[in-house]
Structures are given as C-alpha cells and as structure tokens.
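# Structural description and commentary
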Amino acid sequence: MRGRFITFEGGEGTGKSTQAALLAERLRELGIAVELTREPGGSTGAEVIRHVLLSGAAKPLGAEAEAMLFAAAREDHLECTIRPALERGQWVISDRFADSTRVYQGVLGAVDPRIIGALERLVVGPTRPDITFILDVPVKSGLARAGARRGKRAADRFELETPEFHQKLREAYLHLAASEPDRCVLIDARAEPAIVAEQVWSVVTQRLDPAMAPLIIEDVAP
Ligand code: T5A
C-alpha cells in the first residue's frame, strides 16, 4: 500500500519545521515508518540547488529561472526520496513542497501561472500530497520567530524581502487554503507548538486514519 504524503506550508517562521518534526515523532510512536524531508532539498542533488537558491546567487536570473531551479530540485527530491519512500509504504512529511513555488514564484514573483502549472504537471504529476497544512501567523510574529531562530546567521534570499512581500505571501497562502479545501487545511499557528500539534494531529487522524496504516519495520543500525 502506498504511504501517505503530508506537506507543511506557510510563510517564514510559521513553525513548519517544528510541526513536521512533531508529527513525524507521533506517527513513529505508532510504529509507522516516516520519511521527514524538506524543500528546497531533501536529496543530494536538490540540496546543491538549495544552496544556489537560498544564497541569492540565482536571484539576478529572475523569478522564472528560480521557479525552474526549484522545479529541478523537486524532480530530484521526488525521484530519489519521496516516491521510493511512498512505494515502500512509508509516510512522507515534507517541510514545503510545490505550493511554495506557486506562492513565492507564481504569486509574489509574478511568473505566468501557465508556466507554474506546466512545471507542476511535469515534475509532480500524480504525486500530490494527501494533506497540506498551511500554518498561519501574523507576519510580525513569523519574522520575529525566524529571526530569533537564525541568531547571528545571515538572513537568506527570501528572509531579506520586505514586510509587504511577507504580507502578500500570507494572503496568497490564505487564498490557496480557501481555494483547495479538500487538500489544504489552514491552521492558526499562533499558539504554543504543542497546541498547534494537537490541531494537526486531529486532522491527520480524521482524514488518514493512521491506526490503519500497515506497519513497516525500519532498519535499525547494528
Ligand atoms: N521557497 C521554497 C521558494 O521560494 N519556492 C519553493 O518552491 C520552495 C520549496 C526556504 C525558502 O525557500 C523559499 C521559501 C523560503 O523562503 P528555509 O530555510 O527552508 O527556506 O526556511 P523556511 O521554510 O521559510 O522555514 P523557516 O525556517 O523560516 O521557519 P519554519 O520552519 O516555518 O519555522 P520553525 O519551525 O523553524 O520555527 C521557527 C522558530 O520559531 C519557534 C521555533 O522554535 C524556532 O525557533 N517556534 C515557535 N515559537 C512559538 N510558538 C510556536 N508555535 C512556534 N513554533 C515554532
């Protein structure tokens, strides 16, 4: 049986990595094998492209070229990590996926929706998430959280964007959540991580019934 595919989306510092890790932990406690991954990245080739994108080296090429680079990274991630894990029956949890390209490059970068749609059809094809959680917090709190976590490390290419950019980003995610209610679940992520995790868990149990998942014994290192 194919595993389940869950993605986390939202603006900077909304708590995606935190919630992805908490959900993985909870599923593993039930004996479910989980591949916890992220974008851009999640495979050797995609991690190389991540570096190019987040360093800002590709910014002068424009949003269209960046969309193609994110898609190239996604292709490698799907081929090397996501599809093999799903075929083994594992559950895959990805911190960001194709919706990030729709929102960051499509809506904010004003790349033609036909190009974004074509890249998604070509690269993602039928490997669509079963559930996408869209975490929502006010822009100010999200940026403050991201800044606190970053500490002295330099801000990346997208963290350096203006507050207006991040406000539009938030609105674009709210619009996405409203436009695809069967797949997307909007989560108010202002509360403590444990409280947000309970909201996420309640949706996962209602929609995907983890208690019925076949158990896979994960390899244990000798
Ligand atoms: N991008 C990506 C594109 O433009 N197009 C694409 O197609 C793709 C895939 C990736 C960047 O690339 C762009 C989008 C991004 O700008 P990244 O380094 O992977 O960059 O960073 P982000 O995905 O943006 O994630 P962040 O690291 O900014 O934040 P998260 O994962 O949302 O938040 P998290 O969990 O790391 O938490 C941040 C801090 O807040 C605390 C945590 O402990 C941490 O310190 N925190 C909370 N504090 C209070 N209450 C809560 N509920 C909290 N939850 C977490």
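Check the entry above for the structure.
Here the residue numbers are simple positions, counted from 1 along each chain's written sequence. With pLDDT at 70 or above as the cut-off, local features in this predicted model cover only qualifying residues; side-chain atom pairs require 80 or more to be listed or tallied, and sums for whole chains, interfaces and linings still use all residues. By convention in this description, side-chain values take in all heavy atoms of the structure and omit both hydrogens and water.

## Considerations on the pairing of strand 3 (residues 91-95)
- Three labels apply to residues, based on accessible area from a 1.4 Å probe with only protein chains included: buried if under 20% of the type maximum, exposed if over 50%, partly exposed otherwise in between. Numbered from the N terminus, helices here are DSSP runs of H or I no shorter than four residues, and strands are runs of E no shorter than two. For strand 3, a buried count of 5 out of 5 residues is recorded, marking the element as mostly surrounded by other parts of the structure.
- Residues W91, I93 and D95 point to one face of strand 3 and V92 and S94 to the other, with burial holding for every one of them.
- Direction of pairing for strand 1 (residues 5-10) relative to strand 3: parallel, over a ladder of 4 bridges. Residue pairing for strand 3: F8 is matched across the bridge by D95.
- Pairing between two strands is assigned when DSSP locates at least 2 bridges connecting them. Bridging between strand 2 (residues 34-38) and strand 3 involves 5 bridges; their strand directions are parallel. Within the sheet, the bridge partner assigned to R38 lies in strand 3 and is D95.

## A closer look at the site of the ligand
- Nearness is judged by heavy atoms alone; a residue qualifies as near a molecule or strand once a single heavy atom is within 4 Å of it. In the neighbourhood of the ligand, 26 residues make up the surrounding shell, with K16, S17, T18, T101 and R149 lying closest.
- Contact distances for the ligand include 2.7 Å between an oxygen atom and a side-chain N or O atom of E12.
- The separation between an oxygen atom of the ligand and a polar main-chain atom of T14 is 3.2 Å.
- Residue assignment for the shell around the ligand shows that the elements contributing at least two residues are helix 1 (16-29), helix 2 (44-54), helix 3 (63-87), helix 4 (98-108) and helix 6 (139-150).
- With 4 residues, helix 4 is the largest single contributor of residues to the shell around the ligand.
- Residues are grouped as follows: Ala, Val, Leu, Ile, Met, Phe, Trp, Tyr, Cys and Pro are nonpolar; Asp, Glu, Lys and Arg are charged; every other residue, Gly included, is polar. Within the shell around the ligand, the residues separate by chemical class into 8 nonpolar, 8 polar and 10 charged. Any pair of nitrogen or oxygen atoms within 3.5 Å is treated as a polar contact; in protein, a donor-acceptor pairing is required on top of that, and neighbouring residues in sequence qualify only through side-chain atoms on both sides.

## Concerning helix 1
- A helix is expected to reach a length of 1.5 Å times the quantity of its residues less one. Its 14 residues give helix 1 an end-to-end C-alpha distance of 20 Å, which sits within 8% of 20 Å, the value for a rise of 1.5 Å per residue.
- Buried within helix 1 are the following residues: K16, Q19, A20, L23, A24 and L27. The buried residues of helix 1 all sit within an arc of 135 degrees when viewed along its axis, so they share a single face.
- We call two residues in contact when some of their heavy atoms are within 4.5 Å. Buried residues belonging to helix 1 abut strand 1, strand 2, strand 3, strand 4 (131-136) and helix 8 (193-208).
- Where helix 1 ends, the next residue or the one after it, G31, has phi of about 90 degrees, a positive value. An arc is given here, and it is the one of the directions from the helix axis to the C-beta atoms.

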